[in-house]
Amino acid sequence: MRVVLSEKRLTSFFASAFLVFTLLFFGPSFIYYSNIQEFSFGYIDIFLYLLAFAFVPTIVLAFIISDLKDNIYQRIISVF
């Protein structure tokens, strides 16, 4: 089955976003809100850093996944 490149990029973006944002955005956010009294700064101070720290790997991973051969691409997407 041949998949259109734009469809591959969109699917790769969402699959990598779910993985990367879970690990690099929601994980640190959960740690911050679980220990909010231990930090001397507010969440809004680190929000943009967390967003950038998660968004850049999402884009890179999406392009890497979308450029793979169709059979390897299907396997990776099904795992994510």
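Residues numbered from 1 in each chain as written. Predicted model: local features only at pLDDT ≥ 70, side-chain atom pairs only at ≥ 80, totals over all residues. Heavy atoms only, no water.

Caption draft 1: Region of the structure containing the side chain of D70. The residue D70 is located in helix α3 (residues 70-79) in this model. The buried category is assigned to D70, whose relative accessible area is 18%. A polar contact of 3.3 Å, which involves the side chain of D70, links it to the side chain of K8. (Helix = DSSP H or I, 4+ residues; strand = E, 2+ residues; numbered from the N terminus. Buried < 20%, exposed > 50% of the residue type's maximum accessible area, 1.4 Å probe, protein only. Polar contact = N/O pair within 3.5 Å; in protein donor to acceptor, adjacent residues only side chain to side chain.)

Caption draft 2: Expanded view of the nonpolar core. In terms of nonpolar packing, the biggest core is built from nine residues, these being A17, V20, F21, F25, Y32, Y43, I46, L50 and A54. Among the elements that line this core, the one with the most residues is helix α1 (residues 5-34), at five residues. Beyond its immediate sequence surroundings of up to four residues, L50 is in contact with L24, F25, P28, S29 and Y43. (Core = buried A, V, L, I, M, F, W, Y, C linked by side-chain atoms within 4.5 Å. Contact = heavy atoms within 4.5 Å.)

Caption draft 3: Region of interest: the pattern of salt bridges. For the structure shown, the criterion picks out two salt bridges. One salt bridge in this structure joins D70 and K8, with 3.3 Å as the shortest N-O distance. Residue D70 is located in helix α3, and its partner K8 is located in helix α1; the two are separated by 62 residues in the primary sequence. Notably, a salt bridge pairs R9 with D67, separated by 3.3 Å at the nearest N-O pair. (Salt bridge = Lys/Arg side-chain N within 4 Å of Asp/Glu carboxyl O.)

Caption draft 4: Looking closely at the side chain of T58. When you line up the elements, T58 lands in helix α2 (residues 43-66). Beyond its immediate sequence surroundings of up to four residues, T58 is in contact with F13, S16, A17, V20 and F21.

Caption draft 5: Looking closely at the environment of S78. Mapped onto the secondary structure, S78 falls in helix α3. Counting along the chain gives 20 residues from S78 to T58, while the straight-line C-alpha distance between them is 17 Å.

Caption draft 6: Molecular detail of the packing of aromatic side chains. Enumeration over the complete set of coordinates arrives at 12 aromatic pairs. Their ring planes at 75° and their centres at 6.5 Å tell us that F13 and F55 sit as a pair that is edge-to-face. One end of the pair, F13, is in helix α1; the other, F55, is in helix α2, with 42 residues separating them in the sequence. Take F55: its relative accessible area is 40%, and that puts it in the partly exposed class. Ring pairing ties together the aromatic residues F21, F25, F26, Y32, Y33, F39, F41, Y43 and F47, which thus form one cluster. Over the ring of Y73 we find K8; its NZ or CZ atom is 4.9 Å from the centre of that ring. (Phe/Tyr/Trp six-rings, centres within 6.5 Å; stacked < 30°, edge-to-face > 60°. Lys NZ or Arg CZ within 6 Å of the ring centre and 35° of its normal.)

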